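Residues per chain, in single letters:
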Amino acid sequence: MTSPSTPRIDADRLWKSLMDLAQVGATPKGGVRRIALTDQDRAGRDLVTQWFRDAGLQVRVDEVGNVFARRPGTDPAARAVATGSHIDTQPSGGKFDGNFGVMAGLEVMRTLNDQGIATRAPLEVAFWTNEEGTRFTPVMMGSGAFAGVFTAESVRAQKDADGLTVGDELQRIGYLGTQACGDVPGGPYAAYFESHIEQGPVLEAAGLPIGVVRGALGQQWYDVTVTGMDAHAGPTPMALRRDALLAASRMVDAVNRIALAEAPHGRGTVGHLQVLPNSRNVIPGQVTFTVDFRNLAQAGLDRMDADMRTTFAQLAAACQCTVDITQVVKYEPCLFDADCVASVRRAAEALGLPHMDVVSGAGHDAVYVNGVAPAGMIFVPCKDGISHNEIEDAQPEHIAAGANVLLLAMLERAQ
């Protein structure tokens, strides 16, 4: 257990920072609309970077608009221990997604300042550009460029629906920096931690305040087209139909079965389906739909892929249809650094906070950072597991608990 002298964050100050940031782009339903590289994003960036400077942190901006704030350590040769997340939101986003991670990092710095605590290694808090991918693709753009998954040039060339580029919009809002992506003073991060709301129902259902995140599910997305034959619903006998929707319906059910066979970490979703000609008295001749498979192991994703292809071919043939499957996204599963995961677990134990190991079903900036530095994540519950929604909510005591775990984990790694 911790001693009475163990530092704790200022829970009220952290909560106020979250609520103040939520006023930038606030929506009538209590959410936030602060889409990447808009005027609202600029206002949010300006506010947070001012808070960084008020805390005495050294601010720098890289060539895709990622913002970093450093608290120096006592050892000039030590590599930094970092934390962060994002402050851009969905069009109808909430107060906590991403924002909690950035404000928790800032609160760590403020707490150390208040208590006069020096660390051997420098500490950094970052916020990454365009994590949500709402206006520009790809998602997790800034952390992906930092990790070398995307080039800075390709990122700046990406266009929104109006033809505006990332580079031009960064220039317009004043956040086109000069530092090269991935160039960290003193060398690559010694460790990176990201605090986040869970965006799912597991912790709330378990009644636990802290999730120790072991990794993130890999993702494989597909576009599927089932082709049959348009025909009149009356004169065409059932046995002679080439009903694309019948075949597709059976495939949707198969997606669910395939995911259930990969419990507990298999996920399978059909989120979009389009029927042609979509007329009441016409047998559907073509159906397009999406498949989203997720798993914590690549071998599991490979099994899901093979099962889908075999099953879909059989179901199409049974309905006298054809099927075409195109894979459009592939993210490898991520296992976070064992030492970082252990640091999070020890911090929760030291604070006497009940916790459980969890995996993330969503992508996060930490997934990309994990490719170039040891990384770990801390989850706290959100009400009803709801996120990417204006009614997204979290309890102040859970927010404080997550930030205290972050504080101790960073202190352990920064000595």
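Residues numbered from 1 in each chain as written. Predicted model: local features only at pLDDT ≥ 70, side-chain atom pairs only at ≥ 80, totals over all residues. Heavy atoms only, no water.

In the nomenclature of an unreviewed UniProt entry, the chain is known as N-carbamoyl-L-amino-acid hydrolase of Paracidovorax wautersii.

**Student:** Please provide a residue-by-residue account of unusual backbone geometry, values included.
**Tutor:** For the bond running from T137 to P138, omega is 5°, close enough to zero to count as cis. Of note, P138 is situated in the loop between strand 4 (123–127) and helix 4 (141–146). For the peptide bond that leads from A263 to P264, omega is 5°, which places it in the cis range. Phi is positive for N130, close to 50°, though the residue is something other than glycine. Along the chain, the position of N130 falls in the loop between strand 4 and helix 4. (Helix = DSSP H or I, 4+ residues; strand = E, 2+ residues; numbered from the N terminus.)

**Student:** Could you give me a rundown of the UniProt feature "domain: Peptidase M20 dimerisation" (unreviewed entry) in the chain, with the residues and numbers involved?
**Tutor:** Sequence positions flagged by UniProt for "domain: Peptidase M20 dimerisation" (unreviewed entry) are, in local numbering, residues 218–314. The span residues 218–314 carries 35% helix and 32% strand; its end-to-end C-alpha distance comes to 26 Å. (UniProt positions renumbered as here; feature names shortened; annotations may be inferred.)

**Student:** Explain the pairing of strand 4 residue by residue, including any values.
**Tutor:** Of all 5 residues making up strand 4, 5 are buried, and the element is well covered by its neighbours. Burial of strand 4 is two-sided: the residues L123, V125 and F127 facing one way and the residues E124 and A126 facing the other way are all buried. Across 5 bridges, strand 2 (residues 67–71) lies against strand 4 in antiparallel orientation. The partner of R71 across the bridge, within strand 4, is L123. (Buried < 20%, exposed > 50% of the residue type's maximum accessible area, 1.4 Å probe, protein only. Pairing = 2+ DSSP bridges.)

**Student:** Outline the environment of T311, listing residues and values.
**Tutor:** Mapping T311 onto the fold places it in helix 9 (residues 298–318). In sequence terms T311 and V255 are 56 residues apart; their C-alpha atoms lie 9.4 Å from each other. With residues up to four places along the chain from it excluded, the contact list for T311 reads A254 and R257. (Contact = heavy atoms within 4.5 Å.)

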